[in-house]
Amino acid sequence: MTSPFALLSLIIALPFLGMLFVLTAKDEENTGKNALNVCIFTVLANITLIWRVFMLIDDKKTTLQLFEYLKWLPRPQIDITLAVDVFSLLLILAVHLAILIGLVGVKNNTVKQKSQMVFTLLFLSMITGFFVAEDIFSFYIFFEAMLLPLFMLLGISGGIKRQELIYRFFLYNFFGALILFAATMTLYHYYGTMTLQQLQNLKIKDEIEFYVWGAIFISFLSRIPIWPFHYWISSINSGIRNPLVFIICSVMPLTGIYAFIRFLPSVSSLPVELYSTWVSIIGIITMLFISLIGFINKDSQYKIFSYITVCYILYLIGVYTLDELILLNIGYSAFSFIIIFAALEILSDYIYRKEDQYGSGTLGALCKVKRLSFAYSYLTIAAVGMPLSAVFINNFLILSKLLETNLRMGMLLIGTLFMVGITLLQELHRLKTENSSCRMKKEDDISLALFAFMLAIMFILFMSFIRPLWFVLDA
Amino acid sequence: MGLLCFYIWNNPLSKQISQDLIPWLPYEGFKANLNLSSSAELWSLMFILTGMATFVLGFNFMLHTEKRYSPFSSIVFMNLAFAILLYNSQDFLQLMAGSFGMTLLSFYGIENAQIRTKSLYYGFFTEMCLFSALAIVFSRLDNINLSSLQGFSQKGYHRDLIAILVLLTVFGKAGLILFQNKLLDMKKLPFSRIMNICFLGNIIGSVILFVKLQPLWQASKLSEIIIPAMLGLSLFWGFFGALIIDNIKAKALYLNLMLYSLVFMLLYHNGGHWDERVFYLFPLGMLLNFLLAIPVIFASNEVYVSEMGGFAKYMKRNYLLTIFACLCWMVFLNQIRPQGEENYIYIYEGLVLTALAHILYRIYWGKENSGAYVIALLTNMSTPIWAILMLGLGFGLWQCGAETPLLIYGLYGLWLVLSCLGIFRFLEPLDEMEIIQDTDFFKGLYHYVIVAPISLLGRILWLSIDFLIIERSVIGGISEMTTLAIRGLQRIQNTTWLNYLFMLLVGLAIILLGIGNCHD
Amino acid sequence: MFLQNWLFLLPELSIIGGIIVSIMLQALRSENTPKTFFTVSKYSLLVALLSTIIFYNKSAFPALWHNTYYTTLFKTVLLFVALSWFYVSSKWFLGKNKSSFDFYTLAMTEVLLLELLISAQHLLLAIILMIGVCWLTGRLLRLYQDQEEIAELTKLYGFFTIIFSLLFLGGYYILYQEVLSGDLLTISHYLEQATPHRYETYFAVGMIISGMLFLLALAPFHSCFVAIVSTAILPVSGFVSLVPVLAYWGFFLPLILKTFAPFQSLITVILVSFSGISLFIGAFSANGATNLRRLFAYSTVYHMGFMVLGVLSYNNASLLAVFVYLLVFIMAMFGIYSGFMGFKSRGEYLVDLEDIRGASNARPYISAAFLVFMFSLIGMPPMSGFLGLISIINNLISSHGWLMLGMVLLSLLLMSNAYLQLIRKIYFEPQNLSFDRTDKAIYICLLVNIILVATTMINPSFLFKDAAKVLSGGF
């Protein structure tokens, strides 16, 4: 089914156009308020479009729909294909919502707000393109292109003290992108331009199969904070003092997971089996490391990072169960998961800033602030996998499948999930411990507007638990 | 209440009607629906629970123990709703959702923020155990219906592991030994909250889970060791706690602990199936809590037994109610009618009465330890309420009294004498011993056996592998080498004749080598 | 016929005319401003450009220089770039209030020689032209410099020019002894047929190639180029970086793909070695550079090394690959040098990295342009540099250059790090100096450049299809 009105191109282009608007938006008081408003408006407009796209597709089908074609380069011959399915649309929507949450979190920032909005919209455009790309070249283009705005956001607004970490982070991701480029060009050389669906059914020549798959695996793994590269990635994530930037940074591993799913071959081969085994092993090691370190680390940002990483790796391991039900559920779960950590991050940042203002620690910060306390508690409980969001169902499915494959590995994974859950609960406990030195007062509670926004988020999460595609109306 | 009335109206006792209310997850092999049905057992359970809920609310209303009345009431009723949901579970998801719902309500039922979040740890742990057990089962059966559990247990996959997980869930939720701190933390809450959580909250959930998941724990031979051991330990731990601990709320909680062990023992001996007698134990437990609440409420919220004593003089009506209630308790308990070799019921009764005798002695007959101002403020329950309660108990006694053997009355008399004599007076010095009163041995155990090793492991991994090996050695090494290379190149690219000539020669050498190579 | 030949010489004649007019104006008119000589050169170059296009396949002296589609394409681009750079340079002279006579005269002369070089059909003529260009570059280097300070450099440059001129002439002499003709076509036919070749022939080819490598600034023959670019005044620096390289490549490609085609094995060995060294020296040295122009000089060395790899498949695809990369490179470097014109403080053009700290605050649009061009140079999509990267990598893979591919990716990472350091200075660090007002012309140039970059990326078919047709038409 082809897309009417080039809708997919439109949802990629709209944030880009928004970015141009932001660039030209007047900012007399130098507060960046105009830029923020334009950004929020753009994101909301795009969410509306995405919702419309949801109603155009058949949500019962798992195949790609709404194809768009574009002839791009004649030599080498490269044609761009765009398409979506329920899974990719869910991720696009989740990222949009997460960024919207992030924007709410930075609305009081005035420093370099305009550049932040510019690069946020650019990132949004690129990542949307990534999720709708259906051929190997456009996939690669967007895979790499999103690094630029990410790097700029980290450097300009991230607030990271050790700048060399940002370069390492960028270079590491860039390296992964280059490896993918080499693999893409190799595939192109031997088989010409192809869609991702064709690639899934392709039997690659024996002499290059190991290298091509190896390159693909390495490049996608570079997006995920996998051991032994997790150290500086974790240093960056835990060092970020801007919630929007943290959210965007935390969305990056999703691109790796998504890429693995899209490139999953329908016909298993020896290299794929070998590499996927290694991925699972490294994934489990990473989960152990991160969960243990998150447990002992006192930094709340690190705790959230460890939670995010462990969940992502669980999804990654779930991908290689090669079960269609699980793959679909990863989409449903990721939708909730992304919203949860985005909301948790902005609340965490709110607490941190308030306490910074008072010059005291965050122990017992939630004692007197009921609205904030409620929202934070809900999100923490949903995050640890309790039946308040779709994360719960998905974790159940993935873990069941993994337990079926290997009981010990499954129990180990449950152990790590338990550990990160305890880590988050530790933080909640710490924030709720009554403490005389806590200076946050009732007046420091989140505003009613923000609370209403949080309630809306919680509503979305809860509804996603009840019915994953509750917002899709029959066209 | 509306939902309950709907069920009472719709479903006569003997009929079993199932209604799929909301179709939920539509996937092949993973269809889950929200089911509601009714049965005689559910009717009995709901009757008892509603009665208890009414009592708790009435207790709160009459005696003004709770400041935030409406939120508390809503929690009480939601407990009933989740109990229905949990009871009606036909599949894993509804079971887990219902169980979690009850955990969450217990969480919100606790007003103290610190205790609340601590309870979350326990709740999370138990839910994860349940989750893991059901995940393993689903992985083998590929079916989420509870009816398939029988078939699973016959196949015997991972029976020991699953049994342990299920028992951890059940006993953790209930707050039995090893998890009793979850229960005892509530000594900081008012009695209304204690009664709500202890009799309408997680214990109901854990009992339902115990029955629903019976095929899973029964399949393993380990259960035959673990269950009696756990329950026995809980019973005796509860007894010693009720006897020794100074805090009256803690004593009430220890008595609840003993009750739970009895409940589970009954169910266990019934092969994990529903035993109607269990439903009647909860009101009895609640009655004991109420009896211990009376001196607290009417003695200006004094919670330490060591600060009480000789209250019988000043609270005659209360005392009379208490001892009458104890008689009723014995009579009602006798209705349980132990079958066969259920001697543990007698053991339980004996231990509870022993503890109760000591407690009542300390409160009403012992040496007067409270200050003059406390004595001055001691009051009795208002006459109307007292009268209603006495009449209610009297009515119950009259109903059951005929079937009660005289031995019970005789034993009651003996107990009454013992409660006045105070044969456990020698235990009073233990009130001053901090090591017994305040030390939490289990917390230390958890810390040194579980938390500390994990923290140490985390630190080692972070410092040695992450920081020293990866960051400093590998990455640092690469970084240093790059810097060295850059510096080296900078040196050989200075604007000096030597450097320029060197470059020239290198280039020409390459060309010459190329020529030599190709010409050969 | 005679008149016809003069007509076909119009491009060259208009440039000569422009030079003569400039000399006359300098000698006879006292009220000359910096703009005067720019105006003269502007018109002469415009006429040259138009006439080049009109007489695209007409040659006055075909034995000496022969115009084809291929040469017209290169010449057009060269004239266009030269014209644009002259325009930008005029701002420098205006700002400094210095006479531009020397610069424009010498530069126009160099443009003339380069033009002739592209179409040169006789090897000796080409060599003489190249020597002439070198000499003119040496003169340009000395413009407005402290002669004592650059004495050493001038000597070094002079020495190396002599060395390589001797190598050129020596090579020619040996070849002439064998072929008895200097005509490139004759040489080509002879070398095709006369196999096996003698040692002397190999030497001759090697000597000529070495001269070309010096002119192309490939490491290890790059030192002079780097020194000139980092020492000369900005107009000269930009001119030397942007203009001659087009002509050198225009001449170099047919030389090795056609004339010296039988020596593919020797050329491959040389080019691969020089390319590898250029990639690494360029990337490493750029990382250590604290001078802006030195950084981009090394960057040029790097990109030249990259371009050389595109030649290695020795077919029409090589031509297209190199041309596309070259074009993209020139567009980006032009933008960079235009940006340099915008970074001025207290009348002085900034050359140090430390001086441009926080430039994004004062010059956001120029900084944004820098960002675009630098990421284009890395080859990051969606910038046009990606097109160049695709072309070269595609060729590399076609020729199974896996080792080179690995080296390329590694060196690209290093080069990116150097650019990232610059981006850091511009964007992430606080402002150091106050910046002078920037001429509007700079913004116009940058805007046009960015539009070209954007258009190329969005619809590259006009570049690829049309250029491919022209280039494959042969030389």
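Computed from a predicted model, the values in this text were never measured in an experiment.

Rules and cut-offs
- Residues numbered from 1 in each chain as written.
- Chains lettered and ligands numbered in written order.
- Predicted model: local features only at pLDDT ≥ 70, side-chain atom pairs only at ≥ 80, totals over all residues.
- Heavy atoms only, no water.
- Helix = DSSP H or I, 4+ residues; strand = E, 2+ residues; numbered from the N terminus.
- Rg over C-alpha atoms; globule rule 2.2 N^0.38 Å.
- Buried < 20%, exposed > 50% of the residue type's maximum accessible area, 1.4 Å probe, protein only.
- Contact = heavy atoms within 4.5 Å.
- Buried area = accessible area lost by both parts, 1.4 Å probe.
- Salt bridge = Lys/Arg side-chain N within 4 Å of Asp/Glu carboxyl O.
- Polar contact = N/O pair within 3.5 Å; in protein donor to acceptor, adjacent residues only side chain to side chain.
- Patch = residues over 30% accessible without salt bridge, like charges linked within 9 Å, V, L, I, M, F, W, Y side chains within 5 Å.
- Areas by Shrake-Rupley, 256 points an atom, 1.4 Å probe, with all protein chains shown as cover.
- Nonpolar A, V, L, I, M, F, W, Y, C, P; charged D, E, K, R; others polar.
- Disulfide = S-S within 2.5 Å.
- Axes fitted to C-alpha atoms, helices over the stretch in contact; angles between N-to-C directions.
- Parallel < 35°, antiparallel > 145°, perpendicular 65-115°, else oblique.
- Left-handed = near helix turned anticlockwise from the far one by under 90°.
- Core = buried A, V, L, I, M, F, W, Y, C linked by side-chain atoms within 4.5 Å.
- Expected span 1.5 Å × (residues − 1).
- Phe/Tyr/Trp six-rings, centres within 6.5 Å; stacked < 30°, edge-to-face > 60°.
- 1 Å grid on protein atoms, 1.4 Å probe; cavity = no way out; pocket = protein on both sides within 12 Å on 5 of 7 lines; lining within 4 Å.
- Points joined across faces, edges and corners; volume = space filled by probe spheres on them.
- pLDDT = per-residue confidence, 0-100.
- Pairing = 2+ DSSP bridges.

So what's going on with the overall build of chain B? Which residues, and what values?
When its secondary structure is counted, chain B shows 22 helices and two strands. Here the C-alpha atoms of chain B give a radius of gyration of 32 Å, more than 25% beyond the 24 Å that 2.2 N^0.38 yields for 520 residues. Across its three principal directions, the C-alpha atoms of chain B cover 120 × 60 × 45 Å. A total of 520 residues make up chain B; the buried ones form 57% of that total.

Any details on the interface of chain A and chain C? Residues and values, ideally.
Facing 34 residues of chain A, the contacting portion of chain C comprises 40 residues. Taken together, the two surfaces of chain A and chain C that pack against each other cover about 3400 Å², and 80% of this comes from carbon and sulfur. Put simply, chain A and chain C have zero salt bridges between them. Applying the counting criterion to the chain A and chain C interface returns three residue pairs in polar contact (both at pLDDT 80 or more).

Now, about the pattern of salt bridges: what can you tell me, with residues and values included?
Counted by the stated rule, this structure contains 19 salt bridges over all chains. Here E127(B) and K173(B) are joined by a salt bridge, their closest N and O atoms 2.9 Å apart. You can see E127(B) sitting in helix α5 (residues 113-141) and its partner K173(B) sitting in helix α7 (residues 159-174), a full 46 residues away along the chain. Judged by relative accessible area, K173(B) falls into the buried class, the value being 1%. Measuring nitrogen to oxygen at the nearest pair gives 2.7 Å for the salt bridge that ties K425(C) to E354(C).

Explain unusual backbone geometry residue by residue, including any values.
Cis peptide bonds are those with omega within 30 degrees of zero, and the linkage from A219(C) to P220(C) qualifies with 5°. Backbone geometry places N97(C), a non-glycine residue, at a positive phi of 55°.

Explain a nonpolar patch on the surface to me, and be specific about the residues and the numbers.
Residue and element names in this part refer to chain B. Nonpolar side chains collect at one region of the surface, where L407, L411, L414, V417, L418, L421 and I423 lie side by side and expose about 630 Å² of accessible area between them. Of note, L414 is situated in helix α19 (residues 406-421). Given a relative accessible area of 49%, L414 falls into the partly exposed group.

Pulling in residues and values, what's your account of the interface of chain B and chain A?
Contacts between the two partners involve 49 residues from chain B and, on the opposite side, 51 residues from chain A. Roughly 4700 Å² of surface becomes buried between chain B and chain A when both sides are summed, with 79% attributable to carbon and sulfur atoms. For the pair chain B and chain A, the interface holds zero salt bridges. Between chain B and chain A we count two residue pairs in polar contact (both at pLDDT 80 or more) in total. For the side of chain B that touches chain A, the secondary structure elements donating two or more residues are β1 (18-27), α4 (92-109), α5, α7 and α21 (441-492) of chain B. Broken down by element, the side of chain B that touches chain A gets its largest block of residues, 19 residues, from α5(B). The residue makeup of the side of chain B that touches chain A, split by class, is 35 nonpolar, seven polar and seven charged.

Go over the environment of S389(A), please, and point to the residues and values.
All names here are of chain A. Summarising the element assignment, S389 is placed in the loop between α15 (370-383) and α16 (390-405). For S389, a relative accessible area of 0% corresponds to the buried category. Residues S389 and F335, 54 residues apart in the sequence, show an inter-C-alpha distance of 9.6 Å.

Tell me about the state of the cysteines, residues and numbers included.
Evaluation of the coordinates by the stated rule reveals zero disulfides over all chains. Sulfur of C249(A): no disulfide; nearest cysteine sulfur belongs to C39(A) and is 17 Å away. Residue classification places C249(A) among the buried positions, given a relative accessible area of 4%. Between C420(B), a cysteine without a disulfide, and C326(B), which holds the nearest cysteine sulfur, the sulfur-to-sulfur distance is 11 Å.

So what's going on with the packing of helix α17 (residues 407-432) of chain A against α5(B)? Which residues, and what values?
The N-to-C vectors of α17(A) and α5(B) enclose an angle of 165°; their axes lie 10 Å apart at closest approach. In terms of their interaxial angle, α17(A) and α5(B) are classed as roughly antiparallel. Note that α17(A) runs across α5(B); the crossing there is right-handed. On the side of α17(A), the interface is formed by L407(A), M411(A), I414(A), L417(A), F418(A), G421(A), I422(A), L425(A), Q426(A), L428(A), H429(A) and K432(A), while α5(B) contributes A113(B), Q114(B), R116(B), T117(B), K118(B), L120(B), Y121(B), F124(B), F125(B), M128(B), S132(B) and I136(B). Looking at the contact of α17(A) with α5(B), its residues break down into 15 nonpolar, six polar and three charged.

Go over the nonpolar core with me, naming the residues and quoting the values.
Counting 605 residues, the largest nonpolar core has F103(C), W249(C), F296(C) and F375(C) as its most contacted members. Setting aside its immediate chain neighbours within four residues, F375(C) contacts L148(A), F151(A), F170(A), M380(C), M383(C), L420(C) and I423(C).

Which residues make up helix α7 (residues 151-179) of chain C, and what values go with them?
The end-to-end C-alpha separation of α7(C) is 41 Å, in line with the 42 Å expected for 29 residues at 1.5 Å each. L180(C) sits one or two positions beyond α7(C) and adopts a positive phi of about 65°.

So what about the packing of aromatic side chains? Which residues, and what values?
Residue and element names in this part refer to chain C. Scanning all chains against the criterion turns up 101 aromatic pairs over all chains. Aromatic pair F86 and Y104: ring centres 5.2 Å apart, planes at 90°, arrangement edge-to-face. In this pair, F86 sits in helix α4 (residues 69-96) while Y104 sits in helix α5 (residues 101-119), placing the two residues 18 residues apart along the sequence. In terms of burial, F86 and Y104 fall into one category: buried.

Before we move on, could you go through the environment of M458(A) and cite the residues and values that matter?
Residues and elements named next belong to chain A. Mapped onto the elements of the fold, M458 is located in helix α18 (residues 448-466). With 433 residues separating them along the chain, M458 and A25 place their C-alpha atoms 33 Å apart. When sequence neighbours within four positions are dropped, the list of residues in contact with M458 reads F374, A375 and Y378.

Can you explain empty space enclosed by the protein? Please cite residues and give values.
The computed volume of the largest cavity comes to approximately 200 Å³. Along the walls of the largest cavity sit 17 residues, with F214(C), L215(C), F225(C), V240(C) and Y248(C) positioned nearest its centre. Listing elements by their share of the lining of the largest cavity, those giving two or more residues are α6 (123-141), α9 (199-215), α10 (223-231), α12 (244-259) and α14 (292-310) of chain C. The residue makeup of the lining of the largest cavity, split by class, is 14 nonpolar, two polar and one charged. By volume, the second largest cavity is sized at about 150 Å³. Considering the residues around the second largest cavity, the lining is formed by 16 residues, among which S106(B), K182(B), M186(B), I197(B) and N202(B) are closest to the centre. Broken down by secondary-structure element, the contributors of at least two residues to the lining of the second largest cavity are α4, α5, α7, α8 (180-184), α9 (191-200) and α10 (202-212) of chain B. Here the lining of the second largest cavity is composed, by residue class, of nine nonpolar, five polar and two charged.

If you had to explain the side chain of S99(B) to someone new, which residues and values would you point to?
All names here are of chain B. Tracing the chain through its elements places S99 in helix α4. For S99, a relative accessible area of 0% corresponds to the buried category. A polar contact of 3.0 Å, which involves the side chain of S99, links it to the side chain of E127. Here S99 is in contact with L86, E127, L130, K173 and L209, once residues within four sequence places are set aside.

Tell me what's going on with the packing of helix α3 (residues 34-54) of chain C against α4(C), and back it up with residues and numbers.
Residues and elements named next belong to chain C. At a minimum axis distance of 10 Å, the contact between α3 and α4 shows a crossing angle of 170°. In terms of orientation, α3 lies roughly antiparallel with respect to α4. On the side of α3, the interface is formed by P34, F38, S41, K42, L45, L46, A48, L49, T52 and I53, while α4 contributes T72, K75, T76, L79, F80, A82, L83, F86, Y87, S90, F93 and L94.

A description of helix α2 (residues 10-28) of chain C should follow, citing residues and the corresponding values.
Its 19 residues place the ends of α2(C) 26 Å apart at the C-alpha level, agreeing with the 27 Å of an ideal helix rising 1.5 Å per residue. Within α2(C), the full set of buried residues consists of P11(C), E12(C), S14(C), I15(C), G18(C), I19(C), S22(C) and L25(C).

Break down the environment of W227(A) for me, with residues and values.
In this fold, W227(A) is placed in the loop between α9 (206-221) and α10 (230-239). Under the relative-accessibility criterion, W227(A) is labelled partly exposed at 24%. Considering only alpha carbons, one finds W227(A) and L10(A), 217 residues apart in sequence, at a separation of 38 Å. Those residues within four positions of W227(A) in sequence are excluded, and the remaining contacts are I282(A), I285(A), T286(A), F289(A), I465(B), D466(B) and I470(B).

Kindly report on the confidence of the model for chain C, identifying the contributing residues and their values.
Here chain C shows a mean pLDDT of 88. Residues at 70 or above account for 99%. Of all secondary-structure elements in chain C, the lowest mean pLDDT belongs to helix α21 (residues 461-472) of chain C, at 73, while helix α11 (residues 234-242) of chain C reaches the highest, 94.

Describe the pairing of strand β2 (residues 78-84) of chain A, listing the residues and the values that go with them.
All names here are of chain A. Counting buried residues along β2, seven of its seven residues qualify, which places the element largely inside the surrounding structure. What you see with β2 is no split at all: I78, I80, L82 and V84 on one side and D79, T81 and A83 on the other are buried throughout. Taken together, the six bridges between strand β1 (residues 65-73) and β2 define a ladder with antiparallel strand orientation. The residue bridging Q65 from the neighbouring strand is V84, located in β2.

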